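# Coordinate analysis (summary)
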Amino acid sequence: DTGVSQDPRHKITKRGQNVTFRCDPISEHNRLYWYRQTLGQGPEFLTYFQNEAQLEKSRLLSDRFSAERPKGSFSTLEIQRTEQGDSAMYLCASSLSTGGRRDYEQYFGPGTRLTVT
Amino acid sequence: AQKVTQAQTEISVVEKEDVTLDCVYETRDTTYYLFWYKQPPSGELVFLIRRNSFDEQNEISGRYSWNFQKSTSSFNFTITASQVVDSAVYFCALREYNFNKFYFGSGTKLNVKP
């Protein structure tokens, strides 16, 4: 399978616990994005990486959220002290940027559904 | 400010009917990209098309066609002879040239009944 993969697919946690999600992008893609999608809404941008550098973060990304892409390959998104409002689908996407500010279409993973009880 | 509006929350059609999904966008940038994605019940977003702002030529791909009207800031999507497998949520998205964030609309849920 050469698509974007995410792990786990589902996560149920109690309020106050920390959770970590993993995303493996398409292998040759240098850009990686995280989005959050709540029921009935489109994906909302959280952050993105160009290789290992985190270049932009949304104001939605509170200080309880942190993302890393240590070697420019897979990425992790950690949520500390989870709250019920964090319940959502967390989507990862990757794309290939060939230079300048051009970017190609993003390819999405299946998402991690987080439920905070 | 950047914004994508999909005013149709849900549409129901009978198989073989044509259906058009509307997308209206706002941007101050003169160069931008527009996208359509399909999200079937399985949940994974599937890329359908990308359109550059400087290319207003409409595109057809099988039963799918897209109508880009820069004058009205619209990028509508038509499915001809709809099929049950077309049932999904469809999202329109905008990316400005100088930024890498995608702005998604709230989606249109399409129900195609046999």
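Cut-offs and rules
- Per chain, the residues get numbers from 1 upward, laid out in the order the sequence is written.
- Here the convention is simple: chains get letters from A, ligands get numbers from 1, in the order in which they are written.
- Predicted model: local features are reported for residues with pLDDT of at least 70 only, side-chain atom pairs are reported and counted for 80 or more only, and whole-chain, interface and lining totals are derived from all residues.
- The basis for every side-chain value is the complete set of heavy atoms in the structure, and neither hydrogens nor water enter the calculation.
- The helix count covers DSSP runs of H or I at least four residues long, the strand count covers runs of E at least two residues long, and both are numbered beginning at the N terminus.
- For a compact globule the rule gives 2.2 Å times the number of residues to the power 0.38, and the radius of gyration it is set against comes from C-alpha atoms.
- Type-normalised accessible area, obtained with a 1.4 Å probe on protein chains alone, sets the label of each residue: buried when under 20%, exposed when over 50%, and partly exposed for intermediate values.
- Surface accessibility follows the Shrake-Rupley procedure with a 1.4 Å probe radius. Residue values consider only the protein chains on display as shielding.
- In this tally Asp and Glu are treated as negative and Lys and Arg as positive; neither His nor the chain ends contributes.
- In this description, the location of a charge corresponds to atom NZ of lysine, CZ of arginine, CG of aspartate or CD of glutamate.
- For salt bridges, the criterion is a side-chain nitrogen of Lys or Arg within 4 Å of an Asp or Glu carboxyl oxygen.
- Contact between two residues is taken to exist if any of their heavy atoms lie within 4.5 Å; hydrogens are not considered.
- Pairing of N or O atoms within 3.5 Å defines a polar contact, subject to two protein rules: one partner must be a possible hydrogen donor and the other a possible acceptor, and residues neighboring in sequence count only if both atoms are side-chain atoms.
- Nonpolar cores were defined as sets of buried Ala, Val, Leu, Ile, Met, Phe, Trp, Tyr and Cys residues, with membership established by side-chain atoms within 4.5 Å.

### Some words on the overall build of chain B
A count of helical and extended segments in chain B gives zero helices and twelve strands. Counting helices and strands in the order they occur from the N terminus, chain B gives β-β-β-β-β-β-β-β-β-β-β-β. Computed over its C-alpha atoms, the radius of gyration of chain B comes to 14 Å, within 12% of the 13 Å expected for a compact globule of 114 residues. The dimensions of chain B, computed from C-alpha atoms along their principal axes, are 45 × 25 × 20 Å. Across the 114 residues in chain B, those meeting the buried criterion constitute 46%. Accessible surface for chain B amounts to roughly 5400 Å². Of this, 49% is attributable to carbon and sulfur atoms. Averaging the locations of the 12 positively and 13 negatively charged side chains of chain B gives two centres separated by 4 Å.

### So, the side chain of Lys 38 of chain B
All names here are of chain B. With respect to the helices and strands, the residue Lys 38 is situated in strand β5 (residues 32-39). One buried charged residue, Lys 38, forms no salt bridge at all, with the nearest opposite charge on Asp 86 at 4.6 Å. For Lys 38, the residues in contact, after removing those within four places along its chain, are Glu 44, Leu 45, Val 46, Leu 48, Tyr 64, Val 85, Asp 86, Ala 88, Val 89 and Tyr 90.

### Observations concerning the pattern of salt bridges
Inspection of every chain in the model, using the stated rule, returns seven salt bridges over all chains. Its salt-bridge partner being Glu 56 of chain A, residue Lys 101 of chain B comes within 3.8 Å of it at the nearest N-O pair. Taken together, the residues Lys 101 of chain B in the loop between β10 (88-96) and β11 (102-104) and Glu 56 of chain A in strand β6 (residues 53-57) connect one chain to another. Residue class for Glu 56 of chain A comes out partly exposed when judged on its relative accessible area of 21%. Each member of the salt-bridge network shares a partner with another, and the members are Arg 64, Glu 83 and Asp 86 of chain A.

### Regarding the side chain of Glu 96 of chain B
Residues and elements named next belong to chain B. Topologically, Glu 96 is positioned in strand β10. Among buried Asp, Glu, Lys and Arg side chains, Glu 96 stands out as unpaired, with Arg 28 the closest opposite charge at 6.1 Å. A polar contact of 2.9 Å, which involves the side chain of Glu 96, links it to the side chain of Gln 2. Within the structure, the side chain of Glu 96 is placed 2.5 Å from the side chain of Thr 27, a separation counted as a polar contact. Beyond its immediate stretch of four places on either side in the chain, Glu 96 contacts Gln 2, Thr 27, Arg 28, Asp 29, Thr 31 and Tyr 32.

### Here's the deal with the nonpolar core
Membership of the largest hydrophobic core comes to 23 residues, with the highest contact counts inside it found for Trp 36, Phe 75, Phe 77, Tyr 90 and Leu 110 of chain B. Only β2 (10-14), β3 (19-21), β5, β8 (64-69), β9 (74-79), β10 and β12 (108-113) of chain B provide two or more residues apiece to this core. In terms of residue count, the dominant contributor to this core is β10 of chain B (four residues). Those residues within four positions of Leu 110 of chain B in sequence are excluded, and the remaining contacts are Ile 11, Val 13, Val 19, Ile 79, Asp 86, Ser 87, Ala 88 and Tyr 90 of chain B. Ranked by size, the runner-up nonpolar core spans 19 residues in total, among them Phe 21, Phe 49, Tyr 90 and Leu 114 of chain A.

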